[in-house]
Each structure stands twice: as C-alpha cells, then as structure tokens.
Amino acid sequence: MLNRFALFPLFLALSLPTCKKSQNAALSSSSPTPAPTVAVQNTPAPTPAKPVIDQSAEVIVLGYHRFVNKVKRPDTEITPAAFEAQMQELKDKGITVIPMQDFLAWKRGEKSIPPHCAVITIDDGYKSGYEVAWPILKKFGYPVTMFVYTEGIKPGRFSGGESMSWEQLAEMRDAGADIQAHSVTHQDLRKPPYDRLTKRRLSQEEYEPWLENEVAGSKQIIEQKLGVKVNCFAVPYGFYNEHVKELAMKAGYEALFTVYGQKLTYGSPTDSLGRYMIEANKPKVFAEAVSFGGMAVGGSVPVAEVGPSVLSVQPADGETVKNLTPLIKANLVGFGPIDTGSVVMRISGLGVVPAAYDAKTQIVSYQVPRKLSGKSCTVIIEAKSGTKKVATHWTFNLAADALKPEESPASPTISPRPKK
Ligand SMILES: [Zn+2]
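What follows concerns the overall build of the protein. When you go through the protein residue by residue, the secondary structure sums to eight helices and 21 strands. Sorting the 420 residues of the protein into buried and exposed places 32% on the buried side. Of the contacts formed within the protein by residues at least 6 apart in sequence, a portion of 65% connects residues at least 24 apart.

Ranked by size, the top nonpolar core spans 67 residues in total, and within it V61, L62, M146, C232 and F233 carry the most contacts. Not counting the four nearest positions on each side in its chain, C232 is found in contact with M100, T145, Q180, A181, Y253, E254, A255 and F257. Counting residues in hydrophobic clusters, the runner-up holds 22 residues, among them I328, Y366, I381 and A383.

Look at helix α2 (residues 80-92): 18 Å from first C-alpha to last across 13 residues, which is about the 18 Å you get at 1.5 Å a residue. For α2, the complete set of buried residues consists of F83, Q86, M87 and L90. Taken around the axis of α2, the buried residues stretch over an arc of 100 degrees, which confines them to a single face. Turned more than 90 degrees off the buried face of α2, the exposed positions are A81 and D92. The positive-phi residue at the C-terminal boundary of α2 is G94, with phi of around 75 degrees.

We now examine the sheet that holds strand β18 (residues 356-358). Here we have three strands laid out as an open sheet, ordered β15-β19-β18, and antiparallel in their pairing. In this open sheet, the two strands that pair with only one neighbour each are β15 (327-331) and β18. Sheet twist, expressed as the average angle between the axes of neighbouring strands with direction ignored, equals 15 degrees. Of the pairings in the sheet, the one linking β18 to strand β19 (residues 363-367) comprises three bridges and is antiparallel in character. Counterpart to A356 in the pairing with β19 is S365.

What follows concerns the environment of C232. Examined against the element boundaries, C232 turns out to sit in strand β10 (residues 232-234). The exposure class assigned to C232 is buried, which follows from the 26 C-beta atoms found within 10 Å. Separated by 24 residues in sequence, C232 and L256 have C-alpha atoms that sit 5.9 Å apart.

Next up on the list: the confidence of the model for the protein. Chain-level statistics for the protein give a pLDDT mean of 83 and a share of 80% at 70 or above. Predicted confidence for residues 1-41 stays below pLDDT 50, and this span has eight contacts to residues more than four positions away or in other chains.

A few words now on the environment of E84. Assignment of secondary structure puts E84 in helix α2. On a C-alpha basis, the gap between E84 and I136 in space is 6.5 Å, while along the polypeptide they are 52 residues apart.

All right, on to unusual backbone geometry then. Here the bond from K154 into P155 is cis, since omega is 5 degrees, no more than 30 degrees from zero. Assignment of secondary structure puts P155 in the loop between β6 (145-148) and α5 (166-174). Cis rather than trans, the peptide bond between Q314 and P315 has omega equal to -10 degrees. Mapped onto the fold, P315 is located in the loop between β13 (303-305) and β14 (320-321).

With that settled, consider the packing of α2 against helix α4 (residues 127-140). Between α2 and α4, the shortest axis-to-axis distance is 10 Å and the interhelical angle comes to 25 degrees. It follows from the interaxial angle that α2 and α4 lie roughly parallel. Read as a crossing pair, α2 and α4 show a hand that is right-handed. Here P80, F83, E84, M87 and K91 of α2 lie close against α4, whose contacting residues are V132, A133, I136 and F140.

Rules used in this analysis
Residues numbered from 1 in each chain as written. Predicted model: local features only at pLDDT ≥ 70, side-chain atom pairs only at ≥ 80, totals over all residues. Helix = DSSP H or I, 4+ residues; strand = E, 2+ residues; numbered from the N terminus. Buried ≥ 20, exposed ≤ 12 C-beta atoms within 10 Å, placed from the backbone. Contact = placed C-beta atoms within 7 Å. Core = buried A, V, L, I, M, F, W, Y, C linked by C-beta atoms within 7 Å. Expected span 1.5 Å × (residues − 1). Arc of directions from axis to C-beta. Pairing = 2+ DSSP bridges. Axes fitted to C-alpha atoms, helices over the stretch in contact; angles between N-to-C directions. pLDDT = per-residue confidence, 0-100. Parallel < 35°, antiparallel > 145°, perpendicular 65-115°, else oblique. Left-handed = near helix turned anticlockwise from the far one by under 90°.

Here you go:
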C-alpha cells in the first residue's frame, strides 16, 4: 500500500503535462482554449544534486532461518527468546535497523543512513518466520527482508508443513516486508545438480537453462506472484562463482548476498555482500556482528591457507637464491576458482607489489625490480575464491655471499633483518 501511495504523485507529475499537451493541441485546432478546469501546479524540477550522505556509515546484515522453542538443528535454528534478546540488543546498542532498500539506496549515494545500521534477513521461507519472528520484529518496529526459494513456498514442490505460503508473503509485503530471491529449488548453483524429480544429475547442457531459471526465473516468479520488484539475490548456502555472479547481474539484480559475515561499507562490492548467519550454537557471530569490529569487507572472512607446495611456487619454499632480483611466481590453480581482480601479493619489506595475474593459467608473477635485502624473503598471496578468502605464504632465503654490503640495501627504506 505504501508503495502505491508513494508512486501516485510521481505518476501524476509524469502524466499530467502530457495530457495537458495533447488536450491543448486538440483544442487549439477547433475552439478557443477554455480555462483549464484542473489547476496544474508546476512541480519544481527535482534538485539534481544528490543528498550529502555519510559514506563512513557501516552496516551489518543478519541472516536467520527458523525460530523454534526446542533447537534441534542449531546451524539454522534459534529460539524466539534468543531472537528477541538479539533484537533488544540492537536497540540497546543504538544500532538502527534499516530496510534493505535503504541500504541499497545508500550504496547508490541516494540516501543517508545512521552511522551503525543493521539489516535483518530471514532465509528459505519457513512459516516460523511469519508466525514467530515477524510479530517480534513488529514489536520493535524493525523492517525485514525475506529471501525465499520459490519451490519452498506453499504450494511449491519442495514446500511442506513448515513452509510459508504465498498468501502469508503477500500479507507481509502489504505490511512493508521486502521479499527477495533465494533461487527456485535451493541447490548449489555452481554445478549441474542432482534432479530430485528425475533422480539423476543434470548434464552440462541441461545445466545452463537450469541455472538461468534458478537465478532469473526465481526473480520473475516472485515479481509476478507478489507484484514487487526483486533486486536482491541470496545464493543458496553462500555458494557461487563468477558465472553465477555474472548471471545474477545480467538478470537485473542489484545485490548478491552470501553467508560470510562482513561489516559492510559504502565501498563494499554489491555483487558479493556478506551476511552474518546467526546460529543457535555460535553466539559469537552475533557478538562479532554488533561490535562492528574487525576489518571492513573481507576482514572477518575465514582464510583458507593453502600450502606453497601445491602452488608450485618459485623460488621454492626454503630455497636459497643467489639472484637477488628473482622472478616470484605461483600457480594459483590450487586456490580453486578465483574472483577476478582479487589476487594480492605482498613481499616482506616491500608490501603490496603490482604482480601480474593471468586469469587463464591462474599464474601470478612478479619480477622483483631491485635487489632484495636481508637473509630471507617472505611472500604472501591472498585471493578471494567464491565466498572464501584463500591465502598462501612461503619464505625463501637469500644467499649469504650475494649479500655483500655494497649490494644491499635494495632500497633505502629497507634495512637488513637482524640475524637470528
Ligand atoms: Zn537457504
């Protein structure tokens, strides 16, 4: 309802001048223009300048699933009492719960938000979201975003006694809830799935149209069933790759959400926004979220450390080199698929270096331009692989006889490491 009212003045503003124009044109050819019967107010043009927004604000997105009194699956369940206590804690800590659409408007530079905000999301479409969580949220006056997978909503193929219905979603929509997409059948989107109906794995040929339907189709279904605009996609299980991301952006989504908790900032890329998934047996996740601590964006993402031996690093781990301007190289195939532009190489004493990364071969390389100094050199490489952060580090030694005083330091800012 709110939306319709909000749109009405805009519709008037857009349509009236056109109507008046055609009316005038029709009238002028036949009879003198009568005094207009409707006073058309000249709406001043909207100010082109964007509002001054606080780019330093920070946002956490909380993700929930089910609300039950007796927790049996602590990875996706929470008691109503614990949920209510968390909602109270947001209030007590002065964290403003904002609608998802306000968060996105802020990211677009169109709307200001308070310094510390939270967005509440509930996944999958369990009826406890409607029956238990929603009344609590209403009590606090908090907005909510529901990420639903369409076949999990009654009477969908994978819906059951615990599922919400489209009628309940419509009721929530009318009360201001934001309904967003979470695929059609809730499966790992990165590979051809096992089809639960035909009881076989889909072929690569069948995969593309299937994926398209999961990503773009789920958006269309929700938009058609509820008459809303769907602009957010939460990938099932947080699993995605570049292809899934591309498809989602092509399908018209504005934001893609994963499950790795991250403090979000104005600059956080909207195609992979982390959420803090709240689990009954991990109270630290909520505590970490509301502390707004840690580094922004990737700071709290768990890092998977990959051993240098599987990456064919050069110079090798523990190797002693005589050439003090070595070519440093690693084959990152062992990292798995890597997000474009996410590879960062750091070298002890130099910091981040402009390493070259070949996306085809996944080889990252850096030609050291000036002589390295010290007894050893440590290389750290980090990259984002889907929802994870992967890293490796290794150390090679610099030959002692190559370290004659006149050959070091390599750079005036680097001092040789003390002997250990
Ligand atoms: Zn889910």
